[in-house]
Every structure is written in structure tokens, then in C-alpha cells.
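Here is what each chain is made of, one letter per residue.
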2 protein chains.
Amino acid sequence: MKTPREDTARTRGKLLAAAGEVFAEKGFRDTTIAEISMRAGANIAAVNYHFGSKEILYSEAWRHAFAKSLQAHPPDGGVAADAPPEQRLMGQIMALLRRISDKDNRAFWFMHREIANPTGLLTEVVREEIMPLRQRTESVVRELLGLCVNKREARFCEMGIVSQCINPMVVRSRLNQGGKEYDGPFRIDDIEAYARHVVSFSLAGIAAVRAVAEARRVKRKTKTAGKGGRP
Amino acid sequence: MKTPREDTARTRGKLLAAAGEVFAEKGFRDTTIAEISMRAGANIAAVNYHFGSKEILYSEAWRHAFAKSLQAHPPDGGVAADAPPEQRLMGQIMALLRRISDKDNRAFWFMHREIANPTGLLTEVVREEIMPLRQRTESVVRELLGLCVNKREARFCEMGIVSQCINPMVVRSRLNQGGKEYDGPFRIDDIEAYARHVVSFSLAGIAAVRAVAEARRVKRKTKTAGKGGRP
DNA sequence: CGATATTTAAAACAGTCATTTGAAATTGTC
DNA sequence: GACAATTTCAAATGACTGTTTTAAATATCG
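Procedures and definitions
Residues numbered from 1 in each chain as written. Chains lettered and ligands numbered in written order. Predicted model: local features only at pLDDT ≥ 70, side-chain atom pairs only at ≥ 80, totals over all residues. Heavy atoms only, no water. Helix = DSSP H or I, 4+ residues; strand = E, 2+ residues; numbered from the N terminus. Contact = heavy atoms within 4.5 Å. Least-squares fit on C-alpha atoms with pLDDT ≥ 70 in both. Buried area = accessible area lost by both parts, 1.4 Å probe. Salt bridge = Lys/Arg side-chain N within 4 Å of Asp/Glu carboxyl O. Nonpolar A, V, L, I, M, F, W, Y, C, P; charged D, E, K, R; others polar. Axes fitted to C-alpha atoms, helices over the stretch in contact; angles between N-to-C directions. Parallel < 35°, antiparallel > 145°, perpendicular 65-115°, else oblique. Left-handed = near helix turned anticlockwise from the far one by under 90°. Bend = angle between axes of the 7 residues up to and from the residue. Buried < 20%, exposed > 50% of the residue type's maximum accessible area, 1.4 Å probe, protein only. Phe/Tyr/Trp six-rings, centres within 6.5 Å; stacked < 30°, edge-to-face > 60°. Lys NZ or Arg CZ within 6 Å of the ring centre and 35° of its normal. pLDDT = per-residue confidence, 0-100.

A. Looking closely at the overall build of chain A. When you go through chain A residue by residue, the secondary structure sums to 9 helices and 0 strands. When its helices and strands are written in sequence order, chain A yields α-α-α-α-α-α-α-α-α. Sequence separation of 24 or more characterises 68% of the internal contacts of chain A that already satisfy a separation of 6 or more.

B. Inspection of the relation of the copies chain B and chain A at higher detail. Mapping chain B onto chain A calls for a rotation angle of 180° and an axial translation of 0.0 Å; the resulting RMSD is 0.0 Å. The relationship between the two copies is best expressed as a two-fold rotation axis. When you check the interface residues of chain B against chain A, 100% turn up at the interface there too, and the contact is symmetric in its surfaces.

C. Seen up close, the interface of chain B and chain A. In this complex, chain B contributes 45 residues to the contact, which on the side of chain A involves 45 residues. Regarding the contact of chain B and chain A, the summed buried area is about 4200 Å², with carbon and sulfur atoms giving 65% of it. One can count 4 salt bridges joining chain B with chain A. Linking Arg152 of chain A and Asp190 of chain B is a salt bridge whose minimum nitrogen-to-oxygen distance equals 3.2 Å. At 17 residues, the largest contribution of residues to the side of chain B that touches chain A is made by helix α8 (residues 151-175) of chain B. Across the side of chain B that touches chain A, the residue classes tally to 25 nonpolar, 11 polar and 9 charged.

D. Representation of the packing of helix α5 (residues 85-101) of chain A against helix α8 (residues 151-175) of chain A. Residues and elements named next belong to chain A. Direction vectors running N to C along α5 and α8 enclose 20°, while the axes themselves pass 10 Å from each other. Taken together, the axis directions place α5 and α8 in an arrangement best described as roughly parallel. Classified by chirality, the crossing of α8 by α5 is right-handed. Every residue of α8 that contacts α5 at Ile93, Leu96, Leu97, Ile100 and Ser101 is listed here: Ile161, Val162, Cys165, Ile166, Met169 and Arg172. When the residues that make up the contact of α5 with α8 are grouped by side-chain class, the tally is 9 nonpolar, 1 polar and 1 charged.

E. Representation of the environment of Arg63 of chain B in the model. All names here are of chain B. Looking at where Arg63 falls in the secondary structure, it is placed in helix α4 (residues 54-72). With 75 residues separating them in the primary sequence, Arg63 and Glu138 have C-alpha atoms 24 Å apart. Not counting residues up to four positions away in its chain, the partners in contact with Arg63 are Leu121, Glu124, Glu128 and Glu129.

F. Broad picture of the packing of helix α6 (residues 107-116) of chain B against α8 of chain B. Residue and element names in this part refer to chain B. In contact at an axis separation of 12 Å, α6 and α8 are set at 90° when each is read in the N-to-C sense. Compared by their axis directions, α6 and α8 come out roughly perpendicular. In this structure, α6 contributes Phe108, Trp109, His112 and Arg113 to the contact, and α8 contributes Ile166, Met169, Val170, Ser173 and Arg174. Looking at the contact of α6 with α8 residue by residue, the classes come out as 5 nonpolar, 2 polar and 2 charged.

G. Quick look at helix α7 (residues 122-145) of chain B. The largest bend along α7 of chain B measures about 45° and falls at Ile130 of chain B, with the proline Pro132 of chain B one to four residues further on. Backbone geometry just downstream of α7 of chain B places Gly146 of chain B in the positive-phi region, at approximately 75°.

H. Up close: the pattern of salt bridges. All names here are of chain A. For the structure on display, the rule yields 28 salt bridges over all chains. Between Arg63 and Glu124 there is a salt bridge whose closest N-O contact spans 2.9 Å. Remark: Glu124 occurs in helix α7 (residues 122-145) and Arg63 occurs in helix α4 (residues 54-72); sequence separation between them is 61 residues. The partly exposed category is assigned to Arg63, whose relative accessible area is 30%. On the basis of relative accessibility, which here comes to 27%, the residue Glu124 falls in the partly exposed class. Notably, a salt bridge pairs Glu158 with Arg134, separated by 2.9 Å at the nearest N-O pair. With Glu158 in helix α8 and Arg134 in helix α7, the pair connects residues that are 24 residues apart, well separated along the chain. A relative accessible area of 2% means that Glu158 is categorised as buried. Among the charged side chains, a salt-bridge network with shared partners connects Glu21, Glu25, Lys26, Glu35 and Arg39.

I. Spotlight on the environment of Ala24 of chain A. The residue Ala24 of chain A is located in helix α1 (residues 6-30) in this model. Sequence spacing of Ala24 of chain A and Asn105 of chain A is 81 residues, and the spatial spacing of their C-alpha atoms is 9.4 Å.

J. Layout of the packing of aromatic side chains. This model, assessed by the stated rule, comprises 19 aromatic pairs over all chains. With a centroid separation of 6.0 Å and 10° between ring planes, the pair formed by Phe23 of chain B and Phe28 of chain B is classed as stacked. Here Phe23 of chain B matches Phe28 of chain B in class, with each residue buried. Here a set of aromatic residues connected by ring pairs shows up, and it is made of Phe23, Phe28, Tyr58, Trp62 and Phe110 of chain A. The side chain of Lys54 of chain A reaches across the aromatic face of Phe28 of chain A, ending 4.4 Å from its centre.

K. Highlighting the side chain of Gln92 of chain A. Here Gln92 of chain A is to be found in helix α5. Setting aside anything within four residues of it in sequence, one finds Gln92 of chain A in contact with Pro75, Asp76, Arg136, Thr137 and Val140 of chain A.

L. Layout of the confidence of the model for chain A. Residues and elements named next belong to chain A. The predicted model of chain A has a mean per-residue pLDDT of 87, with 87% of residues at 70 or higher. Helix α2 (residues 33-40) holds the highest mean pLDDT among the elements of chain A, 96, whereas helix α9 (residues 191-226) holds the lowest, 85. Low pLDDT, under 50, characterises residues 178-182; the stretch is placed with 9 contacts to residues that sit more than four places away or in other chains. Across residues 226-231, confidence stays below pLDDT 50; counting only partners more than four residues off in sequence or on other chains, it has 1 contact.

M. Looking closely at the environment of Ala208 of chain B. Mapping Ala208 of chain B onto the fold places it in helix α9 (residues 191-226). Counting along the chain gives 171 residues from Ala208 of chain B to Ser37 of chain B, while the straight-line C-alpha distance between them is 53 Å. Once residues lying within four places of it in the same chain are set aside, the contact partners of Ala208 of chain B are Ser200 and Ala204 of chain A.

Right under this line is the structure:
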């Protein structure tokens, strides 16, 4: 075996980039190797030569896109780990919205297409890539919620916050693409504004959930204390 | 032309129901007429005989599903039109969550598949069916927000609230379906609880947005008043 | 140069599926 | 009960899509 040439790295890279584009745009099934090769300026046999199969290319393109997206927009949003939780939440929300809206990052759209049409990679990627991100958010949320709030409520909060970021971006990408805007709440420069909105909206929501839980706790304590209490 | 037989209505109905199932499950492209006919217990030629084409069947199945879903879960959630806005919001959120989670209602899944892979019907259905629902929610939200809040903020609120309902249900349907639950925040009987969470979380968020806007308004007024005011 | 790596165009291969057809069965009506 | 229209059926049509392989040509490195 001779040393691999430099062409290899170049072509592989171009295929990976083109595959990222097309897979994110159309999903696994609706993407053709022909289109990927064309966009990469390579021959139709290149994918099988360099990657072995469409499946393998898909998997590598997804991981590649994910890594790039996390590198471009670190999950903490540039906020220091010892900053107050409100600011860390802001950082995470900004980072998430930027990851999604960044036109050079396809990782989110892979995810979106997988949720619509799972290929089998989904569960693996969710466990390895998504869960750590969600847990990071959940832990900030728990900090803000205090100790009286139960686990289910904390999950609900985290889910709701992330959903506020994800769903509007998905809808926007579909409905605003025909040139005309729908009822146009969203331009690209609104994303910062939307992030601020989500943060203040959610902080208030969190505070309310916390207040309810603490009131419940106090009431229960008073009650049981009157009856003699419990060890 | 003789009078149409009774078979016609029966077969048409069975095809419509089966088409609803399969289209919602797989989307337009991945659905085959063969499968629809099979599930309906009809011959493969039945679709073309009764509807003319796959496209027409798709369109009719979607509208049928939409009508059924609105009928089963009216948008106001059974809350009177003169009830306080907090309760009306609760009703709308409950109705939305029930529409989505009801296993006999496919309308939401048509929508979901269309957003992933638009067929051309999407924009029409959004304009005719979705927009009225969103406006209904937006108007309750505006009521709760008061007059100081600008249009963009109101949109952000409405978007966020609806997103909190939609996104978790989508994710749940994909990740919990392999038998194993993921990190299992969601069982079916939790939907009422989640609805209550979304309502109290969002009411607090709305109140906060309102408070900020009103504070801003007061500050501006004081300032301009000091400088002589404006008519 | 020569051995190996890469690119290429073309072909092979392996399907998929909506729609049509013409005959057979069914049903409402006279 | 027979006619005529309606509906069902199995099979065929016909057109299309797209991955992977092949074998020859070309480029590159040592």
C-alpha cells in the first residue's frame, strides 16, 4: 500500500460538505448520490470509492456537521461557568438559536429530518450528542428552580424553553422560504431579540413554578406540623 | 347516469380513513396507494376509481382529518367566550395538546410531515386552517398583555406558547416509540399536567413581558413630560 | 519510470409504484 | 327477473429512480 495522496483528503472533504448540504435539505431517502457528487464537483463513483456506501457517508456527514456546529457556537454561549444562572441560561439559549439559524451549520437539520424520518442513527445520536446538551440546560434550570420543585416540573420547564427555540425556527425555515413572508414575525436580525424574549419570558415562568412549589411545601409543612409532624 | 350505489360511500369512507392513517404516518411521498388500499380492504384500483389520483386523495384526506380533529377538540377547549382570558388560554392550550395527542386524529401529523416535506398544499392549508387558530390564540395573549406591548412581542409570546405544546409532542412521538422511554418525562396521562404547567409558566411569562413594557412606557412618558411632552 | 491511488463514463442491476384496462361481479330500478 | 349502470378485481402497462460495479484512463509519489 502506498501513502494516500493529497487528492483524497480534498475530495473527501468536498464530499462531506456537499453531503451535509443535501442531506440536511432533503433527508437521507430523498438525497441522491448523484446530487452530492455533482455539488462536490466529483464523479458519481466518488462516494463509493471514498466512503463505501451512502449510509456511511450519511453518518460521517452528520457527525462532521455536529462537531462543526458545536465548535462554531459553544453551548455556553461564551458565558463563564461561574456567572449567575440567569446569564448562563441566556448564553445557552443564544447558542442554541445561533446554532439553528446559522446557515453554514446543518446539524440541526439532520436532527429535524431524522425526527420526521428516522434512519436508525437517531437514537444513537440523541444519546451521545443531544442528551448532554439537554442536561446542561436542565441543570441551569434546576438551579433557578431551587430545591422544592420536583423532577417532572423541572423537565417540563427545560422542554418548554428548548421548544420555544426550536419550533419557531423550524416553521420559519419552511414558511418564509417562498420569498413572501407569512405573517413575518421573524427576520434574521430578530433572532437576538427573540433570544432576549425567551429568556425573560422563561425566567418569569421559572420563578412562578418555583413560587408555587415553595408555597405548596410550606403549606404541607404547616399542616403536618399541626398534626405532630413526621420524622 | 344511474344513482350511485351505497358501496361508494362505504368504500370512499374506508379509503379516506386508511389514507389518513398512512399519509400521517409516512407522508405523501413514502405512502403507496397499495398500502392504503390494503388497509382499507379495497382493491388497488379503488383509489383511482373513487378519487381520480393520489394527489386528490391526499388533499381530501387532509381536509377530512382536519375537520374531524377540530370537531373532536373545539379550539376553545369548552371554555365560554366570556370567561376570563386566563381560563380561555388554558382552554386553548388543552385543546391543542389534546388535538395533537389524540391517536385518532391525524391532522397534526399531516402538518408535521408537510413542514418536513412540503407538497404544495401546505401554504394553502396554513392560510385557511392554521392562521385562524393562531389568531385566536394571539388575541387572548394580547388581552393578557395589555396595550403597552408591541406587536412583535405579542407574536413572540404566542409563538413561544404554541411551540411549548407542539415540539415536545413531536419529539415524544419519535423517541418514545421504540418501546423504551427516553428519559421519560411524558406518559400519556401526563398531558393534563403538562397543560397546566404550560399555562402557569406562560401566564407568568406574559405578566413579565407586560410589566417590562409598562415600565418602559412610564419611563418614556416621564422623560418626555419633563421636556415638555408630546400631544 | 513504475507502482499505486484516484478519477472517469458507462453499464449493470435491482428495484418501485401510479395508473390503466377489460372482464367479472354486484346492485338498484323498471 | 332482466337490463344497465356501478363498482370491484387481477393483471398488465409503462415509465422512472438511483445505488453500486466495472474496467479503462489518468494522475501522483518516490
